[in-house]
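Tertiary structure, described
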Amino acid sequence: TTLAPPHITFSSGGPSNQDLSGFELLFHEASHTYADTMMNALSAEGRTQHKDVGDLWHALLFFTSGVDLRRLLPAPERASFTPYAYRYGVYRGRWRQYRRVLEADWQPYLDGKMGFDAAIRAMVTDLRSSPVSTRSAVIMRENGAHSRSI
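Scanning the protein for helices and strands turns up 8 helices and 2 strands. Listed by position from the N terminus, the elements making up the protein come as β-β-α-α-α-α-α-α-α-α. Each of the 150 residues in the protein was classed as buried or not, and the buried ones make up 43%. Partitioning the intrachain contacts of the protein with sequence separation of at least 6 by distance along the chain shows that 66% fall at a separation of at least 24. Of the roughly 8300 Å² of accessible surface on the protein, 54% is carried by carbon and sulfur atoms.

Here is the structure:
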(Lines give C-alpha, C1' and ligand atoms only; values in the text may rest on other atoms or scores of the structure.)
Protein backbone atom coordinates (compact mmCIF):
# COMPACT_ATOMS: atom_id res chain seq x y z
CA THR A 1 0.00 0.00 0.00
CA THR A 2 1.32 3.42 -0.93
CA LEU A 3 -0.16 6.55 0.58
CA ALA A 4 0.54 9.41 -1.80
CA PRO A 5 -1.67 8.82 -3.68
CA PRO A 6 -3.33 5.83 -1.99
CA HIS A 7 -2.73 2.68 -4.04
CA ILE A 8 -3.37 -0.84 -2.78
CA THR A 9 -1.89 -3.98 -4.30
CA PHE A 10 -1.65 -7.52 -2.99
CA SER A 11 -1.56 -10.97 -4.52
CA SER A 12 -4.90 -12.69 -4.89
CA GLY A 13 -3.22 -16.01 -5.67
CA GLY A 14 -2.33 -17.06 -2.14
CA PRO A 15 -4.97 -19.01 -0.19
CA SER A 16 -4.87 -16.49 2.68
CA ASN A 17 -5.82 -13.73 0.22
CA GLN A 18 -8.95 -15.34 -1.17
CA ASP A 19 -12.62 -15.43 -0.20
CA LEU A 20 -13.53 -13.47 2.94
CA SER A 21 -9.90 -13.41 4.09
CA GLY A 22 -8.96 -11.61 0.89
CA PHE A 23 -11.76 -9.10 1.34
CA GLU A 24 -10.71 -8.52 4.94
CA LEU A 25 -7.10 -8.07 3.88
CA LEU A 26 -8.18 -5.53 1.26
CA PHE A 27 -10.01 -3.61 4.02
CA HIS A 28 -6.92 -3.87 6.22
CA GLU A 29 -4.68 -2.52 3.46
CA ALA A 30 -7.10 0.33 2.77
CA SER A 31 -7.07 1.22 6.45
CA HIS A 32 -3.38 2.06 6.14
CA THR A 33 -4.48 5.24 4.35
CA TYR A 34 -5.87 6.64 7.61
CA ALA A 35 -3.53 4.88 10.06
CA ASP A 36 -1.80 8.15 10.97
CA THR A 37 -4.63 8.94 13.38
CA MET A 38 -3.96 5.71 15.28
CA MET A 39 -0.19 6.00 15.10
CA ASN A 40 -0.20 9.60 16.32
CA ALA A 41 -2.60 8.93 19.18
CA LEU A 42 -0.77 5.79 20.35
CA SER A 43 2.62 7.45 19.99
CA ALA A 44 1.57 10.50 21.99
CA GLU A 45 0.07 8.35 24.75
CA GLY A 46 3.18 6.16 24.72
CA ARG A 47 5.33 9.23 25.29
CA THR A 48 3.03 10.35 28.11
CA GLN A 49 3.27 6.95 29.80
CA HIS A 50 6.95 6.43 28.89
CA LYS A 51 6.17 3.24 26.98
CA ASP A 52 7.16 2.02 23.55
CA VAL A 53 3.91 1.12 21.78
CA GLY A 54 5.76 -0.66 18.99
CA ASP A 55 3.48 -1.94 16.23
CA LEU A 56 0.26 -1.78 18.23
CA TRP A 57 -1.20 0.55 15.57
CA HIS A 58 -0.71 -2.14 12.92
CA ALA A 59 -2.21 -4.90 15.07
CA LEU A 60 -5.13 -2.53 15.68
CA LEU A 61 -5.76 -2.29 11.93
CA PHE A 62 -5.89 -6.09 11.62
CA PHE A 63 -8.20 -6.35 14.62
CA THR A 64 -10.56 -3.61 13.45
CA SER A 65 -10.80 -5.05 9.94
CA GLY A 66 -11.80 -8.44 11.32
CA VAL A 67 -14.35 -7.04 13.76
CA ASP A 68 -15.94 -4.79 11.18
CA LEU A 69 -16.14 -7.49 8.52
CA ARG A 70 -17.75 -9.91 10.99
CA ARG A 71 -20.42 -7.30 11.75
CA LEU A 72 -21.28 -7.00 8.05
CA LEU A 73 -21.80 -10.72 7.52
CA PRO A 74 -25.20 -12.43 7.63
CA ALA A 75 -25.81 -14.17 10.98
CA PRO A 76 -25.07 -17.72 9.77
CA GLU A 77 -21.69 -16.67 8.34
CA ARG A 78 -20.89 -14.44 11.31
CA ALA A 79 -20.88 -17.40 13.69
CA SER A 80 -18.30 -19.36 11.68
CA PHE A 81 -16.11 -16.44 10.56
CA THR A 82 -12.54 -16.35 11.89
CA PRO A 83 -10.78 -13.01 11.34
CA TYR A 84 -7.58 -13.06 9.31
CA ALA A 85 -5.31 -12.19 12.26
CA TYR A 86 -6.60 -15.14 14.30
CA ARG A 87 -6.71 -17.58 11.38
CA TYR A 88 -3.16 -16.86 10.22
CA GLY A 89 -1.43 -16.29 13.56
CA VAL A 90 -0.78 -12.56 13.32
CA TYR A 91 -0.89 -12.31 17.13
CA ARG A 92 1.84 -14.88 17.73
CA GLY A 93 5.26 -13.97 19.02
CA ARG A 94 5.90 -10.37 19.98
CA TRP A 95 2.37 -9.33 18.95
CA ARG A 96 0.79 -11.73 21.49
CA GLN A 97 0.23 -9.00 24.06
CA TYR A 98 -1.45 -6.81 21.44
CA ARG A 99 -4.28 -9.33 21.10
CA ARG A 100 -4.99 -9.13 24.83
CA VAL A 101 -4.93 -5.32 24.81
CA LEU A 102 -7.10 -5.04 21.70
CA GLU A 103 -9.70 -7.47 23.02
CA ALA A 104 -9.84 -5.77 26.43
CA ASP A 105 -9.47 -2.11 25.50
CA TRP A 106 -10.13 -1.55 21.79
CA GLN A 107 -13.18 -3.81 21.44
CA PRO A 108 -15.20 -1.60 23.85
CA TYR A 109 -14.40 1.38 21.62
CA LEU A 110 -15.55 -0.51 18.52
CA ASP A 111 -18.74 -1.44 20.41
CA GLY A 112 -19.43 2.23 21.23
CA LYS A 113 -18.89 1.70 24.97
CA MET A 114 -15.71 3.77 25.30
CA GLY A 115 -14.39 6.93 23.67
CA PHE A 116 -11.39 6.98 21.35
CA ASP A 117 -9.05 8.80 23.76
CA ALA A 118 -10.02 6.53 26.67
CA ALA A 119 -9.41 3.42 24.55
CA ILE A 120 -6.00 4.68 23.43
CA ARG A 121 -5.05 5.48 27.04
CA ALA A 122 -6.28 2.07 28.27
CA MET A 123 -4.38 0.15 25.59
CA VAL A 124 -1.10 1.88 26.36
CA THR A 125 -1.67 1.47 30.09
CA ASP A 126 -2.26 -2.25 29.66
CA LEU A 127 0.80 -2.85 27.46
CA ARG A 128 3.42 -4.87 29.25
CA SER A 129 6.19 -3.12 27.38
CA SER A 130 9.30 -1.92 29.05
CA PRO A 131 9.87 1.81 29.30
CA VAL A 132 10.98 3.52 26.11
CA SER A 133 14.68 3.11 25.50
CA THR A 134 16.77 6.24 25.07
CA ARG A 135 17.34 5.46 21.36
CA SER A 136 13.61 4.84 20.77
CA ALA A 137 12.75 8.06 22.59
CA VAL A 138 15.10 10.04 20.32
CA ILE A 139 13.56 8.47 17.20
CA MET A 140 10.06 9.18 18.55
CA ARG A 141 10.94 12.84 19.12
CA GLU A 142 12.59 13.18 15.70
CA ASN A 143 9.70 11.51 13.86
CA GLY A 144 6.97 13.03 15.97
CA ALA A 145 4.41 10.39 15.05
CA HIS A 146 5.86 6.91 14.94
CA SER A 147 7.41 4.85 17.69
CA ARG A 148 9.52 1.92 16.72
CA SER A 149 11.75 -0.43 18.62
CA ILE A 150 15.46 -0.54 17.87
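Before going further, it helps to spend a moment on the pattern of salt bridges. Within the structure shown, the criterion is met by 4 salt bridges. Across the pair D68 and R71 runs a salt bridge, and its minimum N-O distance is 3.8 Å. With a gap of 3 residues between them, D68 and R71 both fall in helix α3 (residues 56-72), about one helical turn apart. Across the pair D111 and R71 runs a salt bridge whose closest N-O atoms are separated by 2.4 Å.

Next up on the list: unusual backbone geometry. Within the chain, H50 stands out as a residue other than glycine whose phi angle is a positive 55 degrees. Its location among the elements puts H50 in the loop between α2 (35-49) and α3.

Considering the arrangement of structural elements, one finds P83 in the loop between α4 (75-80) and α5 (84-87). Residues within four places of P83 in sequence aside, it is in contact with E24, G66 and R70.

Below, the discussion takes up the packing of helix α1 (residues 19-31) against α3. Two elements in contact, α1 and α3, have axes separated by 9 Å at closest approach and are oriented at 130 degrees. In terms of orientation, α1 lies oblique with respect to α3. Between α1 and α3 lies a crossing whose hand is right-handed. Residue-level contacts link L20, F23, E24, L25, F27, H28 and S31 of α1 to H58, L61, F62, T64, S65, G66, D68 and L69 of α3. A breakdown of the residues in the contact of α1 with α3 according to their chemical character gives 7 nonpolar, 6 polar and 2 charged.

It is worth spelling out the side chain of Q107 at this point. Along the chain, Q107 falls in helix α6 (residues 96-110). Not counting chain neighbours up to four residues away, the residues in contact with Q107 comprise F63, V67, R71 and L102.

Close contact between α3 and α6 brings their axes to 10 Å; oriented N to C, the two are set at 55 degrees. In this view, α3 runs oblique relative to α6, as classed from their interaxial angle. Two packed elements cross with a definite hand, and for α3 against α6 that hand is right-handed. Two secondary-structure elements touch here, α3 through L56, A59, L60, F63, T64, V67 and R71 and α6 through Y98, L102, E103, W106, Q107 and L110. Split by residue class, the contact of α3 with α6 holds 9 nonpolar, 2 polar and 2 charged.

Cut-offs applied
Residues numbered from 1 in each chain as written. Predicted model: local features only at pLDDT ≥ 70, side-chain atom pairs only at ≥ 80, totals over all residues. Heavy atoms only, no water. Helix = DSSP H or I, 4+ residues; strand = E, 2+ residues; numbered from the N terminus. Buried < 20%, exposed > 50% of the residue type's maximum accessible area, 1.4 Å probe, protein only. Contact = heavy atoms within 4.5 Å. Areas by Shrake-Rupley, 256 points an atom, 1.4 Å probe, with all protein chains shown as cover. Salt bridge = Lys/Arg side-chain N within 4 Å of Asp/Glu carboxyl O. Axes fitted to C-alpha atoms, helices over the stretch in contact; angles between N-to-C directions. Parallel < 35°, antiparallel > 145°, perpendicular 65-115°, else oblique. Left-handed = near helix turned anticlockwise from the far one by under 90°. Nonpolar A, V, L, I, M, F, W, Y, C, P; charged D, E, K, R; others polar.

Limitation: the analysis is restricted to geometry and does not speak to function.
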